[in-house]
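# Structure assessment
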Amino acid sequence: MDLGLKDRTVLVCAGSQGIGLATARGFHHEGARVAICARDPDQLALAAAQMPGCLALVADLADPAQITGLADTVAAQFGPVDVLVNNAGGPPPGLFDTLDDARWEAATNLTLMSAVRMTRAVLPAMRARRWGRIVNISSFGVKQPVPNLTLSNSLRMAVLGWAKTLSQQVAADNVLVNTVCPGWTRTGRVEKLLGPGDADGPSAAEAAILADIPLGRFAEAEEIASLAVFLGSEVASYMTGTAIAVDGGVAKGYA
Ligand code: NAD
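Note that the structure is predicted; figures quoted are calculated from it, not measured.

Definitions and limits used
Residues numbered from 1 in each chain as written. Predicted model: local features only at pLDDT ≥ 70, side-chain atom pairs only at ≥ 80, totals over all residues. Heavy atoms only, no water. Helix = DSSP H or I, 4+ residues; strand = E, 2+ residues; numbered from the N terminus. Rg over C-alpha atoms; globule rule 2.2 N^0.38 Å. Buried < 20%, exposed > 50% of the residue type's maximum accessible area, 1.4 Å probe, protein only. Contact = heavy atoms within 4.5 Å. Areas by Shrake-Rupley, 256 points an atom, 1.4 Å probe, with all protein chains shown as cover. Lys, Arg positive; Asp, Glu negative; His and termini not counted. Charge placed at Lys NZ, Arg CZ, Asp CG, Glu CD. Core = buried A, V, L, I, M, F, W, Y, C linked by side-chain atoms within 4.5 Å. Pairing = 2+ DSSP bridges. Axes fitted to C-alpha atoms, helices over the stretch in contact; angles between N-to-C directions. 1 Å grid on protein atoms, 1.4 Å probe; cavity = no way out; pocket = protein on both sides within 12 Å on 5 of 7 lines; lining within 4 Å. Points joined across faces, edges and corners; volume = space filled by probe spheres on them. Nonpolar A, V, L, I, M, F, W, Y, C, P; charged D, E, K, R; others polar.

### Focus on the overall build of the chain
- In terms of helices and strands, the chain carries nine helices and seven strands.
- Taken over the C-alpha trace, the chain has a radius of gyration of 18 Å; the compact-globule value for 255 residues is 18 Å, and the two agree within 12%.
- Principal-axis analysis of the C-alpha atoms places the extent of the chain at approximately 55 × 35 × 35 Å.
- Residue burial in the chain is summarised as follows: out of 255 residues, 49% are buried.
- Taking the intrachain contacts of the chain between residues at least 6 apart in sequence as the baseline, contacts between residues at least 24 apart amount to 73%.
- When the accessible surface of the chain is totalled, it reaches about 12,000 Å², and 56% of it is carbon and sulfur.
- In the chain, the 20 positive side-chain charges and the 24 negative ones have mean positions that sit 7 Å from each other.

### Looking at the nonpolar core
- Ranked by size, the top nonpolar core spans 32 residues in total, and within it Phe27, Val34, Ile36 and Val180 carry the most contacts.
- Take this core: its biggest share by element is seven residues, from helix H9 (residues 221-231).
- Counting residues in each nonpolar core, the second largest holds 31 residues, with Leu55, Ala71, Val116 and Leu123 among its members.

### Looking at the sheet that holds strand E4 (residues 83-86)
- If you walk across this open sheet you meet the seven strands as E3-E2-E1-E4-E5-E6-E7, and the pairing is parallel. Looking at which strands have only one partner, the edges of the open sheet turn out to be strand E3 (55-58) and strand E7 (243-246). The average angle at which neighbouring strand axes cross in this sheet is 20°, direction not considered.
- Bridge count for strand E1 (residues 9-13) against E4 is three bridges, and the pairing is parallel. Following the sheet pairing, Val10 is matched in E4 by Val83.

### So, empty space enclosed by the protein
- A complete count under the given rule lists one cavity of 30 Å³ or more for this structure.
- In this structure, the largest cavity occupies an estimated 130 Å³ of space.
- Considering the residues around the largest cavity, the lining is formed by 14 residues, among which Asn86, Ala88, Thr111, Ile137 and Arg156 are closest to the centre.
- Only helix H5 (101-129), strand E5 (132-137) and helix H6 (150-170) provide two or more residues apiece to the lining of the largest cavity.
- With four residues, the top contributor of residues to the lining of the largest cavity is H5.
- A breakdown of the residues in the lining of the largest cavity according to their chemical character gives five nonpolar, eight polar and one charged.

Here it is, written out as structure tokens:
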């Protein structure tokens, strides 16, 4: 299937590792002009080296000053951003009692405001050209809260509410806004969270998670990226305001 992405300009936030990198690689494979941003220049360079022609920009997405100008830099090099993938590291775990205002504010900047600010930067040009795709990387936690992830569960619902509302405001300009909700995915973040297994198999923490996943395994980052690339494509022309799980069945409710 031709996804109609050749020569489209795509900006993947937090695109140096994990789901973001797999998504950037997916768009690159389809012939798009791909830009990525993340904080660590060394990691960025390693990622960009996998995608000839990729534009790699150092930025902390939680810092409004570092977001300003990112979209313009991409536009100057590749033309206006056609597809924005809002992605960032997840906020830290923690029970409600342990979270002070500073932690809430940091997580709000990372998870909600990075998407709001990046979208604000690319939206006017998308609306003017009457073509745009905003794809948010969220979590299955919006379908079924994950114990202990107080910040993530809360702020990702805020992103969902924002995205659904925005989708209705910009549909008339053919800008489509959708959200991908990954389940447990084998990335650096998860490997660190679960720790190493031993010779007999996975760690106890990993085994407990696996037991709860109907498909019986973690996702590979590429399996999440496939949906992100599809939603960013020409082909997904009649989809907006959705939040779709790619989670191996781990969220047990409907939808
Ligand atoms: P990862 O740790 O493998 O990659 C995270 C990326 O974000 C890296 O490129 C890192 O450099 C970048 N990043 C982190 N903080 C940043 C910041 N402040 N500014 C710029 N870049 C920043 O993570 P992942 O597993 O690919 O997760 C991506 C998103 O998907 C996260 O929000 C995560 O919570 C969510 N998610 C992941 C899983 C999973 O099982 N891996 C499940 C559900 C949701």
